[in-house]
Amino acid sequence: MRDATPTYKLRPVPEPRAPRDAVPTFELRAVPGQAEGTPPGTVVPPTGEFGPPPPMDVRPHPAEQEREREPEPDRMSDVMPDADTKPTPPRGFDAVAEAVLGDEPLAGSGENHLAEPMARVNDAVRSGRIDTAARLAEETVTEASATLGPEHPEVLRLRELTAYIAYLAGEPLRAFRLSLDLARICRRAQDAEAAYGNVRSAATAWRAVRDPQIGLELGHELIALWTELTTEGGPAADEMEELESARARMGRLTERARTQQT
């Protein structure tokens, strides 16, 4: 039958999406245990009841434990310098080298008779002409000793420079002898600082001696004088660790010498 009424299937229409600028709505619900008759959303005064106590057997994180054990930093120590700490002055060949590099005269107080020849020696050392420096130093020491005397302060400083040049030239035995002789002269003059400085120079040259037998012979002589200086006070007594280091080397030299004999 062509005039029959057509039928249609109804589908649910989706609800329209809320616009982006719509204000969300919230539902206020009563808090469990809230007093009856109190409108939702009303601030309730404290009732004096609290939740359960925190667990007492919970261990802190290891990082927290380490932080607790760390002492509080001493802020004043970062700001105030240690009044008892004094810089160690250069001694021995270090002091001679600084004077050479700084072009400072090694002579003591008073008139400097050797300024010009020592300037030539220093210039030769700085330029690496060690042989020339050694020759100039020897000539100047001979001339100055005859003019001023072998124990004149300026001559003694020049002899210290001569010992340092011998060390640079690869002659540790000569440098050792020159330095130890100077240490004895300064000790007789009661110049503890100069005596100890030359002992340190002799120790530097002694450590460059590789033969254990010769090293033992020189070491006994060095340590005997060094020990005497420590009993007289002064810088040698203030740096006992340096003497102990020399004694330790004597033990090593003894073992090396024994090994060579077997």
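Look above for the structure.
Since the model is a prediction, treat every value here as computed from it, not as a measurement. (Residues numbered from 1 in each chain as written. Predicted model: local features only at pLDDT ≥ 70, side-chain atom pairs only at ≥ 80, totals over all residues. Heavy atoms only, no water.)

## Describing helix 6 (residues 153-168)
No. 1: The end-to-end C-alpha distance of helix 6, which contains 16 residues, comes to 23 Å, matching closely the 22 Å that a straight helix rising 1.5 Å per residue would cover.
No. 2: Within helix 6, burial applies to E154, V155, L156, L158, R159, E160, L161, T162, A163, Y164, I165 and A166.
No. 3: Where helix 6 is buried, its residues contact helix 3 (93-101), helix 4 (115-126), helix 5 (130-148), helix 7 (172-188) and helix 8 (192-207).
No. 4: Following helix 6 by one or two positions, G170 has its phi on the positive side, about 80°. (Helix = DSSP H or I, 4+ residues; strand = E, 2+ residues; numbered from the N terminus. Expected span 1.5 Å × (residues − 1). Buried < 20%, exposed > 50% of the residue type's maximum accessible area, 1.4 Å probe, protein only. Contact = heavy atoms within 4.5 Å.)

## Describing the environment of W226
No. 1: Counting through the fold element by element, W226 comes out in helix 9 (residues 212-231).
No. 2: For W226, a relative accessible area of 1% gives the class buried.
No. 3: The spacing of W226 and E242 is 16 residues in sequence and 9.9 Å in space, taken between C-alpha atoms.
No. 4: Setting aside its immediate chain neighbours within four residues, W226 contacts Y196, V199, R200, A203, E242, L243 and A246.

## So, the side chain of E239
No. 1: Tracing the backbone shows E239 in the loop between helix 10 (235-238) and helix 11 (240-261).
No. 2: Those residues in contact with E239, other than ones at most four positions away along the chain, are T88, R91, Y196 and R200.

## Structural notes on the packing of helix 5 against helix 6
No. 1: Between helix 5 and helix 6, the shortest axis-to-axis distance is 9 Å and the interhelical angle comes to 155°. The angle between helix 5 and helix 6 places the two elements in the roughly antiparallel class. You can see that helix 5 and helix 6 cross each other, and the crossing is left-handed. Within the contact between the two elements, helix 5 uses I130, A133, A134, A137, E138, T140, V141, A144, S145 and L148 and helix 6 uses V155, L158, R159, T162, I165 and L168.
No. 2: Taken together, the residues of the contact of helix 5 with helix 6 sort by class into 11 nonpolar, 3 polar and 2 charged. (Axes fitted to C-alpha atoms, helices over the stretch in contact; angles between N-to-C directions. Parallel < 35°, antiparallel > 145°, perpendicular 65-115°, else oblique. Left-handed = near helix turned anticlockwise from the far one by under 90°. Nonpolar A, V, L, I, M, F, W, Y, C, P; charged D, E, K, R; others polar.)

## Digging into the pattern of salt bridges
No. 1: All chains considered together, the criterion is met by 17 salt bridges.
No. 2: Between D123 and R129 there is a salt bridge whose closest N-O contact spans 3.3 Å.
No. 3: For R129, a relative accessible area of 37% corresponds to the partly exposed category.
No. 4: Each member of the salt-bridge network shares a partner with another, and the members are R91, E193, R200, E239 and E242. (Salt bridge = Lys/Arg side-chain N within 4 Å of Asp/Glu carboxyl O.)

## Details of the packing of helix 4 against helix 5
No. 1: Between helix 4 and helix 5, whose axes approach to 8 Å, the crossing angle comes to 160°. Our classification of the angle between helix 4 and helix 5 gives roughly antiparallel. Considering only the axes of helix 4 and helix 5, their crossing is left-handed. Contacts between helix 4 and helix 5 involve P117, R120, V121, A124 and V125 from the first element and I130, T132, A133, L136, A137 and T140 from the second.

## Notes on the packing of aromatic side chains
No. 1: By the definition in use, this model includes 3 aromatic pairs.
No. 2: Residue placement shows R249 over the ring face of W206; its charged tip is 4.6 Å from the ring centre. (Phe/Tyr/Trp six-rings, centres within 6.5 Å; stacked < 30°, edge-to-face > 60°. Lys NZ or Arg CZ within 6 Å of the ring centre and 35° of its normal.)

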